[in-house]
Amino acid sequence: VGTAGTSSISWSAATQIESAGIMCPQIRFDSGTGRLICFYRLAATWYPYAVIGSYNSSNGLIDWGTKTVVSSTAAESPNLRICKASSTTGKYALLWTKNADSTLRSPLITISSSANSFTNDGEAELLSESFQYFECAYDANADRIIAIGRRNTNNRPHVQRIKVKSGNDGLETDGSLVEVDTTDPSKDM
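Remember, it's a predicted structure, so these values are computed and weren't measured experimentally.

Procedures and definitions
- Residues numbered from 1 in each chain as written.
- Predicted model: local features only at pLDDT ≥ 70, side-chain atom pairs only at ≥ 80, totals over all residues.
- Heavy atoms only, no water.
- Core = buried A, V, L, I, M, F, W, Y, C linked by side-chain atoms within 4.5 Å.
- Buried < 20%, exposed > 50% of the residue type's maximum accessible area, 1.4 Å probe, protein only.
- Helix = DSSP H or I, 4+ residues; strand = E, 2+ residues; numbered from the N terminus.
- Salt bridge = Lys/Arg side-chain N within 4 Å of Asp/Glu carboxyl O.
- Contact = heavy atoms within 4.5 Å.
- Polar contact = N/O pair within 3.5 Å; in protein donor to acceptor, adjacent residues only side chain to side chain.
- Pairing = 2+ DSSP bridges.

## Here's the deal with the nonpolar core
Step number 1: Membership of the largest hydrophobic core comes to 17 residues, with the highest contact counts inside it found for A85, L95, L104, F131, I145, I162 and L171.
Step number 2: Listed by contribution, the elements that provide at least two residues to this core are β9 (91–98), β13 (124–139), β14 (144–151) and β15 (156–164).
Step number 3: Looking at which element gives the most residues to this core, the answer is β13, with 5 residues.
Step number 4: One finds I52, A75, Y92 and I109 within the second-largest nonpolar core, a separate group that totals 15 residues.

## Here we look at unusual backbone geometry
Step number 1: The omega angle of the peptide bond from S77 to P78 is -10 degrees, so this bond is cis rather than trans.
Step number 2: Backbone geometry at W46 places phi at a positive 70 degrees, although glycine is not the residue there.
Step number 3: Relative to the assigned elements, W46 resides in the loop between β4 (35–42) and β5 (48–56).
Step number 4: Backbone geometry at Y133 places phi at a positive 50 degrees, although glycine is not the residue there.
Step number 5: Looking at the element boundaries, Y133 is found in strand β13.

## Observations concerning the pattern of salt bridges
Step number 1: As enumerated under the stated definition, the model contains 8 salt bridges in all.
Step number 2: For R105, the salt bridge is made with E125, and the minimal N-O distance between the two is 3.0 Å. Of the two residues, R105 is situated in strand β10 (residues 103–106) and E125 in strand β13; the sequence distance between them amounts to 20 residues.
Step number 3: The class for R105 is buried, based on a relative accessible area of 12%.
Step number 4: We classify E125 as partly exposed; its relative accessible area is 42%.
Step number 5: Three or more residues are tied together by salt bridges with common partners; here these are R105, E123 and E125.

## What about the environment of R28?
Step number 1: Looking at the secondary structure, you find R28 in strand β3 (residues 22–30).
Step number 2: Residues R28 and F39, 11 residues apart in the sequence, show an inter-C-alpha distance of 8.8 Å.
Step number 3: If we skip the residues at most four places from it in the chain, R28 touches R35, L36, I37 and I82.
Step number 4: Reaching out from R28, the side chain makes a polar contact with the side chain of Q26 at a distance of 3.5 Å.

## Structural notes on the pairing of strand β8 (residues 75–84)
Step number 1: Taking burial as the measure, the 10 residues of β8 include 7 buried ones, the bulk of the element.
Step number 2: One ladder, built from 6 bridges, connects β8 with β9; its direction is antiparallel. Among the inter-strand pairings, A75 is bridged to a residue of β9, identified as K98.
Step number 3: The antiparallel pairing of β8 with β9 creates a hairpin that spans 6 residues between the two strands, and G90 there sits at a positive phi of about 80 degrees.

## Side note on the side chain of N56
Step number 1: Within the element layout of this structure, N56 appears in strand β5.
Step number 2: Look at N56 and you get buried, because its relative accessible area is 18%.
Step number 3: A distance of 2.5 Å separates a polar atom in the side chain of N56 from a polar atom in the side chain of S58.
Step number 4: Looking at N56, its side chain comes within polar contact range of the side chain of D63, at 2.9 Å.

Dropping the structure here:
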């Protein structure tokens, strides 16, 4: 945490999240719970991990909870993303691709509003085909995640809508994976 002055920035002491090497770190602030979520791949195992933190006003540092393995399956670089998953407070998708086949996977998690922790509804394979170099955004109007990435069969951009299951216990795709028409972008609007 830093403080900006008129001619300098001063920093508080750093708080260590992970003692081992990490890759592909992502971080988001959830304003509904007042907590941070950090999502990364552990360099040694390639497993995706997440940890929740909150600002400690008494010492100016971030207090981090316990790191949690999201999956015991190797994740592919650089394909890890955090995305709000619904209008429900604290609901997030931790999207990542499997190292062996680049399939898109994610649990639905719920960030606690009272502790630096989250609940994990388990890993789900969202796309059974290769999907890489993706980005995602939450569309509040449709209450859906929109993911765009490269489909390896033709290396062209494709879009997939993702939603929370009706039982609020995981994620699923909403419709088919659609190729973006690069010759006439108005067809995809």
